[in-house]
Amino acid sequence: MTIDINQREMTSDITPEFARRAQGEEVWCLSWLPEQRLTREQAHAGMELDEILSDPDVVFDDAAHSEAAERAARLGILVEHAVVVLAQRLAERMHHQTLPPCVTDAALPPLPEPMLAGWFSATYAPATTGARSQHLWA
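None of the values given here were measured: they were computed from a predicted structure.

1. Some points on the packing of helix α1 (residues 40–53) against helix α3 (residues 79–94)
Move 1: It is the contact of α1 with α3, at a shortest axis distance of 11 Å, that shows an interaxial angle of 75°. Considering the angle they form, α1 stands roughly perpendicular to α3. Together, Leu49, Asp50 and Leu53 of α1 and Val79, Ala82, Val83 and Leu86 of α3 make up the contact between the two elements.
Move 2: Within the contact of α1 with α3, the residues separate by chemical class into six nonpolar, no polar and one charged.

This is the structure we're talking about:
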(Lines give C-alpha, C1' and ligand atoms only; values in the text may rest on other atoms or scores of the structure.)
Protein backbone atom coordinates (compact mmCIF):
# COMPACT_ATOMS: atom_id res chain seq x y z
CA MET A 1 0.00 0.00 0.00
CA THR A 2 1.32 3.39 -0.97
CA ILE A 3 -0.13 6.85 -0.50
CA ASP A 4 1.38 9.37 -2.90
CA ILE A 5 1.42 12.86 -1.41
CA ASN A 6 2.17 16.18 -3.06
CA GLN A 7 1.32 19.80 -2.17
CA ARG A 8 -2.27 19.54 -3.48
CA GLU A 9 -3.45 15.96 -3.06
CA MET A 10 -3.02 12.48 -1.67
CA THR A 11 -3.77 9.42 -3.78
CA SER A 12 -3.60 5.69 -3.20
CA ASP A 13 -2.38 2.85 -5.39
CA ILE A 14 -5.22 0.55 -4.25
CA THR A 15 -8.28 2.78 -3.90
CA PRO A 16 -9.86 5.47 -6.11
CA GLU A 17 -10.49 7.77 -3.15
CA PHE A 18 -8.27 10.81 -2.62
CA ALA A 19 -7.64 13.82 -0.41
CA ARG A 20 -7.32 17.40 -1.72
CA ARG A 21 -6.01 20.59 -0.20
CA ALA A 22 -7.94 23.84 -0.55
CA GLN A 23 -6.26 26.48 -2.71
CA GLY A 24 -3.93 28.58 -0.56
CA GLU A 25 -4.99 26.95 2.71
CA GLU A 26 -3.92 24.14 4.97
CA VAL A 27 -7.43 22.70 4.86
CA TRP A 28 -7.88 19.26 3.34
CA CYS A 29 -10.90 17.12 2.53
CA LEU A 30 -11.35 13.47 1.68
CA SER A 31 -13.29 12.48 -1.42
CA TRP A 32 -15.28 10.07 0.74
CA LEU A 33 -15.97 12.62 3.51
CA PRO A 34 -16.46 15.75 1.38
CA GLU A 35 -18.31 17.75 4.03
CA GLN A 36 -15.47 17.65 6.58
CA ARG A 37 -12.58 20.09 6.66
CA LEU A 38 -9.45 18.32 7.85
CA THR A 39 -5.85 18.93 8.77
CA ARG A 40 -3.14 17.34 6.63
CA GLU A 41 -2.60 14.70 9.32
CA GLN A 42 -6.31 13.87 9.46
CA ALA A 43 -6.47 13.60 5.66
CA HIS A 44 -3.52 11.21 5.72
CA ALA A 45 -5.20 9.15 8.47
CA GLY A 46 -8.35 9.03 6.31
CA MET A 47 -6.37 7.75 3.35
CA GLU A 48 -4.71 5.12 5.54
CA LEU A 49 -8.11 4.11 6.91
CA ASP A 50 -9.47 3.71 3.38
CA GLU A 51 -6.50 1.54 2.41
CA ILE A 52 -6.90 -0.66 5.49
CA LEU A 53 -10.62 -1.12 4.83
CA SER A 54 -9.96 -1.83 1.14
CA ASP A 55 -7.57 -4.70 1.84
CA PRO A 56 -9.44 -8.05 1.83
CA ASP A 57 -6.40 -9.79 3.34
CA VAL A 58 -6.89 -8.06 6.72
CA VAL A 59 -10.54 -8.93 7.31
CA PHE A 60 -9.65 -11.19 10.25
CA ASP A 61 -6.51 -9.30 11.34
CA ASP A 62 -6.99 -7.83 14.84
CA ALA A 63 -3.98 -5.53 14.46
CA ALA A 64 -5.48 -4.06 11.28
CA HIS A 65 -8.82 -3.57 13.05
CA SER A 66 -7.02 -1.71 15.82
CA GLU A 67 -5.17 0.47 13.30
CA ALA A 68 -8.45 1.22 11.51
CA ALA A 69 -10.11 2.25 14.79
CA GLU A 70 -7.20 4.54 15.62
CA ARG A 71 -7.31 6.20 12.15
CA ALA A 72 -11.09 6.62 12.39
CA ALA A 73 -10.74 8.22 15.83
CA ARG A 74 -8.36 10.80 14.33
CA LEU A 75 -11.20 11.75 11.98
CA GLY A 76 -13.76 11.80 14.78
CA ILE A 77 -15.79 8.95 13.31
CA LEU A 78 -16.34 5.26 13.98
CA VAL A 79 -14.87 2.58 11.74
CA GLU A 80 -18.42 1.38 11.05
CA HIS A 81 -19.29 4.82 9.67
CA ALA A 82 -16.26 4.72 7.37
CA VAL A 83 -17.22 1.23 6.15
CA VAL A 84 -20.75 2.36 5.31
CA VAL A 85 -19.63 5.55 3.53
CA LEU A 86 -16.95 3.75 1.51
CA ALA A 87 -19.40 0.97 0.57
CA GLN A 88 -21.91 3.59 -0.59
CA ARG A 89 -19.22 5.28 -2.67
CA LEU A 90 -18.33 1.94 -4.25
CA ALA A 91 -22.00 1.27 -5.07
CA GLU A 92 -22.36 4.76 -6.56
CA ARG A 93 -19.30 4.19 -8.72
CA MET A 94 -20.61 0.83 -9.88
CA HIS A 95 -23.91 2.44 -10.90
CA HIS A 96 -22.18 5.48 -12.46
CA GLN A 97 -23.91 7.96 -10.19
CA THR A 98 -22.44 11.39 -9.60
CA LEU A 99 -20.30 11.56 -6.51
CA PRO A 100 -20.25 14.79 -4.44
CA PRO A 101 -17.18 16.96 -4.98
CA CYS A 102 -14.61 17.51 -2.29
CA VAL A 103 -15.50 20.71 -0.42
CA THR A 104 -12.46 23.00 -0.31
CA ASP A 105 -14.13 26.41 -0.28
CA ALA A 106 -12.17 28.97 1.75
CA ALA A 107 -15.46 30.47 3.00
CA LEU A 108 -16.35 27.37 5.03
CA PRO A 109 -16.54 27.68 8.83
CA PRO A 110 -13.62 26.50 10.98
CA LEU A 111 -12.96 22.82 11.57
CA PRO A 112 -15.45 21.27 14.01
CA GLU A 113 -14.35 19.40 17.07
CA PRO A 114 -14.10 15.65 16.41
CA MET A 115 -17.32 13.86 17.33
CA LEU A 116 -15.43 11.35 19.45
CA ALA A 117 -12.72 13.54 20.95
CA GLY A 118 -11.18 11.76 23.92
CA TRP A 119 -12.98 8.47 23.36
CA PHE A 120 -9.77 6.55 23.98
CA SER A 121 -9.84 7.60 27.64
CA ALA A 122 -9.68 5.03 30.41
CA THR A 123 -13.32 5.68 31.24
CA TYR A 124 -14.61 4.90 27.76
CA ALA A 125 -16.61 1.70 27.61
CA PRO A 126 -18.84 1.03 24.61
CA ALA A 127 -22.39 0.03 25.45
CA THR A 128 -22.40 -2.73 22.87
CA THR A 129 -20.10 -4.16 20.28
CA GLY A 130 -20.68 -5.71 16.90
CA ALA A 131 -23.82 -5.76 14.83
CA ARG A 132 -27.23 -6.50 16.24
CA SER A 133 -29.14 -9.37 14.76
CA GLN A 134 -32.87 -9.66 14.26
CA HIS A 135 -32.56 -13.38 15.08
CA LEU A 136 -33.01 -14.75 18.55
CA TRP A 137 -30.40 -17.41 19.07
CA ALA A 138 -31.36 -20.22 21.41
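Once the structure has been displayed, the description carries forward.
2. A look at the nonpolar core
Side chains that are nonpolar tend, in soluble globular proteins, to be buried together.
Move 1: Grouped together as the largest cluster of nonpolar side chains are 22 residues, with contacts concentrated most on Met10, Ala19, Leu30, Trp32, Leu49, Leu75 and Ile77.
Move 2: Looking at this core, the elements that each hand over two or more residues are β4 (28–30), β5 (33–38), α1, α2 (62–75) and α3.
Move 3: For tryptophan 32, the contacting residues outside a window of four places in its chain are Glu17, Gly46, Leu49, Asp50, Leu75, Ile77, Ala82, Val85, Leu86 and Arg89.

3. Remarks on the sheet that holds strand β1 (residues 3–5)
Move 1: Taken together, the five strands give an open sheet; going across it, the order is β1-β2-β3-β4-β5, and neighbouring strands pair in antiparallel fashion. In this open sheet, the two strands that pair with only one neighbour each are β1 and β5. For this sheet, the mean angle separating the axes of adjacent strands, direction not counted, is 20°.
Move 2: Of the pairings in the sheet, the one linking β4 to β5 comprises two bridges and is antiparallel in character. Following the sheet pairing, leucine 30 is matched in β5 by leucine 33.
Move 3: Contacts from α1 reach β1, β2 (9–12), β3 (18–21), β4 and β5, with the element oriented near 10° to β2.

4. Here we look at the side chain of serine 31
Move 1: Relative to the elements of secondary structure, serine 31 occurs in the loop between β4 and β5.
Move 2: Serine 31 gets classed as buried once you look at its relative accessible area, which sits at 1%.
Move 3: Of note is the side chain of serine 31, whose polar atom sits 2.4 Å from the side chain of glutamate 17.

5. A short note on the pattern of salt bridges
Move 1: In the structure shown here, the tally under the stated rule is eight salt bridges.
Move 2: We note a salt bridge from arginine 20 to glutamate 9, for which the minimum N-O separation is 3.2 Å. On the criterion of sequence distance, the pair formed by arginine 20 in strand β3 and glutamate 9 in strand β2 is long-range, its members being 11 residues apart.
Move 3: The class for arginine 20 is partly exposed, based on a relative accessible area of 34%.
Move 4: For glutamate 26, the salt bridge goes to arginine 21, with nearest N and O atoms at 3.8 Å.

6. A few points about the environment of threonine 15
Move 1: Inspection of the secondary structure assignment puts threonine 15 in the loop between β2 and β3.
Move 2: Setting aside anything within four residues of it in sequence, one finds threonine 15 in contact with Asp50, Glu51 and Ser54.
Move 3: Side-chain polar atoms of threonine 15 contact the backbone nitrogen of glutamate 17, separated by 3.4 Å.

7. Looking at the confidence of the model for the protein
Move 1: The predicted model of the protein averages 80 in pLDDT, with 69% of residues at 70 or higher.
Move 2: Residue range residues 119–125 is modelled with pLDDT below 50. Its contacts to residues more than four positions away, or to other chains, number six contacts.
Move 3: Predicted confidence for residues 131–138 stays below pLDDT 50, and this span has zero contacts to residues more than four positions away or in other chains.

8. Re the layout of surface pockets
Move 1: A volume near 430 Å³ is recorded for the largest pocket.
Move 2: What lines the largest pocket is a set of 20 residues, and nearest its centre among them are Ile52, Leu53, Ser54, Val83 and Leu86.
Move 3: Mapped onto the lining of the largest pocket, the elements with two or more residues apiece are α1, α2 and α3.
Move 4: The greatest single-element share of the lining of the largest pocket, amounting to six residues, is contributed by α3.
Move 5: Residues belonging to the lining of the largest pocket are distributed by class as follows: 13 nonpolar, three polar and four charged.

Conventions and cut-offs
- Residues numbered from 1 in each chain as written.
- Predicted model: local features only at pLDDT ≥ 70, side-chain atom pairs only at ≥ 80, totals over all residues.
- Heavy atoms only, no water.
- Axes fitted to C-alpha atoms, helices over the stretch in contact; angles between N-to-C directions.
- Helix = DSSP H or I, 4+ residues; strand = E, 2+ residues; numbered from the N terminus.
- Parallel < 35°, antiparallel > 145°, perpendicular 65-115°, else oblique.
- Contact = heavy atoms within 4.5 Å.
- Nonpolar A, V, L, I, M, F, W, Y, C, P; charged D, E, K, R; others polar.
- Core = buried A, V, L, I, M, F, W, Y, C linked by side-chain atoms within 4.5 Å.
- Buried < 20%, exposed > 50% of the residue type's maximum accessible area, 1.4 Å probe, protein only.
- Pairing = 2+ DSSP bridges.
- Polar contact = N/O pair within 3.5 Å; in protein donor to acceptor, adjacent residues only side chain to side chain.
- Salt bridge = Lys/Arg side-chain N within 4 Å of Asp/Glu carboxyl O.
- pLDDT = per-residue confidence, 0-100.
- 1 Å grid on protein atoms, 1.4 Å probe; cavity = no way out; pocket = protein on both sides within 12 Å on 5 of 7 lines; lining within 4 Å.
- Points joined across faces, edges and corners; volume = space filled by probe spheres on them.

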